[in-house]
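Geometric and topological summary
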Amino acid sequence: MVALSENAQRRLTIQTVEIATNTTAIRSLDWDRDRFDIEFGLQNGTTYNSYLIKGEKNVLVDTSHQKFRDLYLNALKSLVNLKAIDYIIVSHTEPDHSGVIEDVLQLAPRATVLASKIALQFLDNLVHDPFSKRIVKSGDRINIGKGHEIEFVSAPNLHWPDTIFSYDHQTQVLYTCDAFGMHYCSEDTFDKDLEAIEADFRFYYDCLMGPNARSLINAMKKMGQLGDIKIIANGHGPLLYHHLDIWREFYRSWSQKQAKKETTVGVFYVADYGYSDRLAQSISRGIQKSEVNVEFIDIATKCVQEVNELALRSAGIVIGMPSSDNAAAHAAISSLLAVINNHQFVGFFESFGGDDEPISPLRKKFIDLGVKEAFPAIKVKHTPNDSLFRELEECGTDMGQLIVRARNIKQIKSIDVNLEKALGRISNGIYILTIAKNGSQTGMLVSWVAQASLQPLGFTVAIAKVRVIESMLQIGDHFVLNVLEEGNYKDLKRHFLKRLLPGYDRFANINTQTAQNGSPILTSALAYMECKVINIMECSDHFIMYCSVENGRVSKPEGITAVRHRKVGNYY
């Protein structure tokens with residue numbers, strides 16, 4: 001392994017290591033990156049993985065983020081004469097994988113870019129000079145000598161419509177770009193420590209791959225036809241080798257579970273236009289909290305038949321506004337108007353692409369057809385930030401809850417009456433959990449809290465998956481648990497139970513002060529504790545979080561904790 005120069009300010013490093021015969025990984029290690037695509041936080045940085053295969057012809061698989069330009073090019077030059085690169089495989093065109101491709105093409109004038117048709121269309125807008133290119137699809141192969149024959153697999157919507165996989169039949173390495181990746185930065189080239197990276201692997205799947213479960217199942221079927229796979233060379237995080245069967249089984253089981261969900265929402269948008277991808281992902285994350293399947297369709301590239309097929313089996317439809325001159329996208333939206341019915345829900349969001357089609361006229365057409373609006377149309381007035389992405393997630397949660405309301409009522413009624421009354425006799429205190437993170441702050445009422453350890457002092461709290469606050473409570477995050485006082489809790493309880501419009505300030509007209517960890521303390525609380533999330537366990541419709549207590553204070557020593565008494569145990 002060769003570690004090249006480092007940027008001390010941002011801790012950017014390059015790692016090069018031979019992973020198979022004539023095959024080198026060039027990993028750009030971004031140690032301190034704490035956000036990715038804005039919409040979800042990173043606890044452990046990330047990497048951008050690129051690969052060089054040297055046969056009689058030389059192949060470069062993907063490049064790196066623009067921030068690594070000089071480090072990456074120097075590393076690449078140390079491995080190969082750039083003028084001797086024959087092919088550049090572009091697995092997909094998102095900037096974290098293609099940010100240096102224009103620079104490489106200028107230094108590798110004889111290289112031919114191999115990519116999907118859609119990827120090459122995107123690249124034409126990224127690269128300002130003409131370049132040699134060739135469309136590849138499933139079953140296409142190139143022979144680069146020394147036994148290396150590379151086969152391509154079309155894998156659209158993982159998580160962009162332009163994605164392809166590449167498989168080297170000699171080394172049995174599969175190059176998957178975003179699929180099977182994770183945001184985890186480590187000097188370990190491979191997946192040595194399953195326990196250390198499993199949570200990041202799952203979080204990445206939930207954020208990016210889960211909404212495309214059906215596409216992932218199709219891609220995995222194609223993977224099964226390639227032959228043995230020894231290494232999955234992904235685009236982010238450690239490569240998968242030591243526990244490859246486990247990772248593949250995770251993807252299979254998670255995707256099958258997602259695809260089997262009875263209820264689906266279709267998200268119709270234009271990929272790579274404005275902030276459409278990131279906005280759509282935030283909404284879908286909220287929808288999925290209600291155990292509703294989400295499927296994405298790029299209305300600029302899919303045929304009307306595919307658009308209609310998804311619309312007809314969807315309980316809800318979300319539309320990201322295309323540019324005013326995108327004829328294909330407008331034709332797709334017209335077809336949606338023709339097939340939608342008044343039993344479905346609809347939602348709209350602007351893409352902030354600079355020339356968005358106005359929402360209001362389109363919204364009126366759907367409303368006039370009797371279609372129910374799941375959330376207020378999202379009009380984007382400034383560059384999307386954390387607050388807006390949180391608001392979009394709340395909108396998605398609202399849509400999911402509306403769609404599953406009837407199902408949930410049916411499930412509640414199906415539980416044995418005596419059992420639900422017995423469970424309801426478990427009493428709990430009443431608390432307000434508050435948190436501030438990345439410029440956003442929020443709070444919610446919680447009651448399923450129990451002390452869990454003495455050394456260190458710790459407790460567990462159960463958070464329903466449908467709560468938007470759940471996405472702010474990842475391992476390592478800090479928050480405040482406010483203890484409410486018996487006889488002095490009803491106003492705060494009523495306030496934090498109140499359903500607010502997405503984006504509304506939860507702390508408006510509430511007296512607070514700031515804890516050492518940055519989260520709000522309710523000044524009228526009986527006591528507060530500053531806490532850190534240590535571990536998270538998934539339990540059906542809730543997450544149970546084990547948290548350590550780092551600081552705390554009681555404001556009224558003679559006060560007692562408010563207690564909540566329920567009569568039934570199958571709902572709050």
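Going along each chain's sequence as written, the residues are numbered from 1 onward. Per-residue local features are limited, in this predicted model, to residues with pLDDT of at least 70; the limit for side-chain atom pairs, both in listing and counting, is 80 or more; totals at the level of whole chains, interfaces and linings are taken over all residues. In computing side-chain values, all of the structure's heavy atoms are included and hydrogens and water are not.

**Quick word on the overall build of the protein chain**
What counts here: Secondary structure elements are defined from DSSP: runs of H or I of at least 4 residues count as helices, runs of E of at least 2 residues count as strands, and each element is numbered from the N terminus. Note that the radius of gyration is over C-alpha atoms, with the globule rule given as 2.2 Å times the number of residues to the power 0.38. Each residue is assigned to one of three classes by its accessible area relative to the maximum for its type, calculated with a 1.4 Å probe on protein chains only: buried under 20%, partly exposed between the two thresholds, exposed over 50%. Any two residues whose heavy atoms approach within 4.5 Å are treated as being in contact.
On a plain count of helices and strands, the protein chain comes out with 14 helices and 31 strands. Taken over the C-alpha trace, the protein chain has a radius of gyration of 25 Å; the compact-globule value for 572 residues is 25 Å, and the two agree within 12%. Relative to its 572 residues, the protein chain shows a buried fraction of 56%. Taking all contacts inside the protein chain whose residues are at least 6 apart in sequence as the whole, residues at least 24 apart take part in 70%.

**A closer look at the packing of aromatic side chains**
Heads up, the rule is: Any two rings among Phe, Tyr and Trp, with Trp reduced to its six-membered ring, count as a pair given centres within 6.5 Å; such a pair is stacked if its planes are under 30 degrees apart, edge-to-face if over 60, and tilted if neither.
Using the criterion set out here, one finds 18 aromatic pairs in the structure. Pairing Y205 with W254 gives two aromatic rings, centres 5.1 Å apart and planes at 50°, and the pair type is tilted. One end of the pair, Y205, is in helix α5 (residues 194-209); the other, W254, is in helix α7 (residues 244-259), with 49 residues separating them in the sequence. Pair check on accessibility: Y205 and W254 agree, each one buried. In textbook terms, an aromatic cluster arises when at least three aromatic residues are bridged by ring pairs, as seen for F180, F201, Y205, W247, F250, Y251 and W254.

**A look at the layout of surface pockets**
Heads up, the rule is: With a 1 Å grid laid over protein atoms only, a set of points is called a cavity when a 1.4 Å probe fits there but cannot get out and a pocket when it is open yet has protein on both sides within 12 Å along at least five of seven lines; lining residues have an atom within 4 Å of a point. Grid points are joined across faces, edges and corners, and a volume is the space filled by probe spheres set on the points. Ten residue types, Ala, Val, Leu, Ile, Met, Phe, Trp, Tyr, Cys and Pro, are classed as nonpolar, four, Asp, Glu, Lys and Arg, as charged, and the remainder, Gly among them, as polar.
By volume, the second largest pocket amounts to about 1100 Å³. Lining the second largest pocket are 39 residues, and of these R202, F203, D206, E538 and F543 sit closest to its centre. Elements supplying a minimum of two residues to the lining of the second largest pocket: β5 (40-41), α5, α7, α8 (276-288), β29 (527-539) and β30 (542-554). For the lining of the second largest pocket, the leading source of residues is α5, giving 10 residues. In terms of residue class, the lining of the second largest pocket is made up of 16 nonpolar, 10 polar and 13 charged.

**Things to note about the nonpolar core**
Note the cut-off: Buried Ala, Val, Leu, Ile, Met, Phe, Trp, Tyr and Cys residues form a nonpolar core when they are joined through side-chain atoms within 4.5 Å.
Formed by 33 residues in total, the largest nonpolar core has its most connected members in F165, F180, F201, M209, M223, L240 and Y251. Broken down by secondary-structure element, the contributors of at least two residues to this core are β13 (164-168), α5, α6 (213-224) and α7. By residue number, the principal contributor to this core is α5, which donates 9 residues. The contacts of M209, once residues within four sequence positions are left out, are L158, H159, D178, A179, Y204, L216 and Y251. Among the nonpolar cores identified, the runner-up in size contains 30 residues, and L12, F68, A111 and L120 belong to it.

**Focus: the pattern of salt bridges**
This is how it is decided: When a carboxyl oxygen of Asp or Glu lies within 4 Å of a side-chain nitrogen of Lys or Arg, that pair is called a salt bridge.
Applying the stated criterion across every chain yields a total of 27 salt bridges. A salt bridge links D103 to R69, with the shortest nitrogen-to-oxygen separation between them at 2.9 Å. Within this pair, whereas D103 is found in helix α3 (residues 101-107), its partner R69 is found in helix α1 (residues 69-79), the two being separated by 34 residues in sequence. In this structure D103 comes out as buried when scored by relative accessible area, which is 13%. In this structure R69 comes out as partly exposed when scored by relative accessible area, which is 31%. Across the pair E538 and K465 runs a salt bridge whose closest N-O atoms are separated by 2.6 Å.

**Examining the sheet that holds strand β19 (residues 345-349)**
Across a sheet, strands are paired by hydrogen bonds formed along the backbone, either parallel or antiparallel in direction. Stated formally: Strands were regarded as paired on the criterion that DSSP finds at least two bridges between them. Interaxial angle, 0 to 180 degrees, is taken between N-to-C directions of lines fitted to C-alpha atoms, where a helix line uses only the stretch in contact.
With parallel pairing, 5 strands are arranged side by side in an open sheet as β17-β16-β18-β19-β20. One side of each edge strand has no neighbouring strand; the edge strands of this open sheet are β17 (293-298) and β20 (372-373). Note that strand β16 (residues 264-269) and strand β18 (residues 316-320) share 4 bridges and pair parallel. Paired with V267 across the strands is V318, a residue of β18. Contacts from helix α11 (residues 359-368) reach β18, β19 and β20, with the element oriented near 175° to β19.

**Structural notes on the side chain of H65**
The test is simple: By the criterion applied in these results, polar contacts are pairs of N or O atoms within 3.5 Å in which, for protein atoms, one can donate a hydrogen and the other can accept it, and in which residues neighboring in sequence qualify only through two side-chain atoms.
Looking at the element boundaries, H65 is found in the loop between β7 (58-61) and α1. Polar contacts involving the side chain of H65 include one to the main-chain amide nitrogen of K67, which spans 3.1 Å. Ignoring sequence-local partners within four residues, the contact set of H65 consists of R33, Y48, P95, D96 and V100.

**A word on the sheet that holds β30**
One open sheet accounts for 7 strands, arranged β23-β22-β26-β29-β30-β25-β24; its pairing is antiparallel. Both edges of this open sheet fall to β23 (440-446) and β24 (449-453), since each of them pairs with a single strand only. Each strand axis lies, on average, 35° off the axis of its neighbour in the sheet, ignoring direction. The sheet contacts of helix α14 (residues 490-497) involve β22 (431-437) and β23, and relative to β23 the element is tilted by about 115°.

**Notes on the pairing of strand β11 (residues 141-145)**
Pairing analysis gives 4 bridges linking β11 to strand β12 (residues 148-154), with the strands arranged antiparallel. In the strand pairing of β12, R141 is matched with E151. Turn length for the β11-β12 hairpin, with the two strands adjacent in sequence and antiparallel, is 2 residues, and the turn residue K146 shows positive phi of about 60°.

**Some words on a negative patch on the surface**
Applied cut-off: Here, patches come from residues exposed beyond 30% relative accessible area and free of salt bridges, joined within 9 Å for like charges and within 5 Å for nonpolar side chains (Val, Leu, Ile, Met, Phe, Trp, Tyr). We get accessible surface area from the Shrake-Rupley algorithm with a probe of 1.4 Å; when it comes to residues, only the shown protein chains can shield them. Within this scheme the basic residues Lys and Arg register as positive and the acidic residues Asp and Glu register as negative, but His and the chain ends are omitted. Lysine's charge is taken at NZ, arginine's at CZ, aspartate's at CG and glutamate's at CD.
On the surface, E187, D188, D193, E195 and E198 cluster together to form a negatively charged patch. Owing to a relative accessible area of 53%, E187 belongs among the exposed residues under this scheme.

**Observations concerning the environment of I463**
Mapping I463 onto the fold places it in strand β25 (residues 458-464). With 324 residues separating them along the chain, I463 and G139 place their C-alpha atoms 46 Å apart. Residues within four places of I463 in sequence aside, it is in contact with L433, M444, V446, I469, E470, L473, H542, F543 and M545.

**Some words on the confidence of the model for the protein chain**
So the rule is basically this: pLDDT measures the predictor's confidence residue by residue and takes values from 0 up to 100.
Here the protein chain shows a mean pLDDT of 90. Residues at 70 or above account for 94%. Note on residues 1-9: pLDDT under 50 across the span, and 18 contacts to partners over four residues away in sequence or across chains.

**Considerations on helix α9 (residues 304-312)**
To be explicit about the condition: Here the arc refers to the set of directions running from the helix axis out to each C-beta atom.
V307, N308, L310 and A311 are the residues of α9 that are buried. Across the axial projection of α9, the buried residues extend over an arc of 165°, all falling on one side. Exposed and oriented more than 90 degrees from the buried face of α9 are Q305 and L312. On the buried face of α9, the contacting elements are β16, β17, β18 and α10 (327-339).

**As for the packing of α9 against α10**
Relative orientation and spacing of two packed helices are given, respectively, by the angle between their axes and the distance between those axes. Convention followed: An angle below 35 degrees is treated as roughly parallel, one above 145 as roughly antiparallel, one from 65 to 115 as roughly perpendicular, and anything else as oblique. Take the far helix as your reference; a near helix turned counterclockwise from it by less than a right angle gives a left-handed crossing, and one turned clockwise gives a right-handed crossing.
Two numbers describe how α9 lies on α10: the axes approach to 9 Å, and their chain directions differ by 40°. If you check the angle between α9 and α10, you find them oblique. Handedness of the α9/α10 crossing: right-handed. Only A332, S335, L336 and V339 of α10 make contact with α9, whose side of the interface consists of V304, V307, N308, A311 and L312. Of the residues contributing to the contact of α9 with α10, the split by class is 7 nonpolar, 2 polar and no charged.

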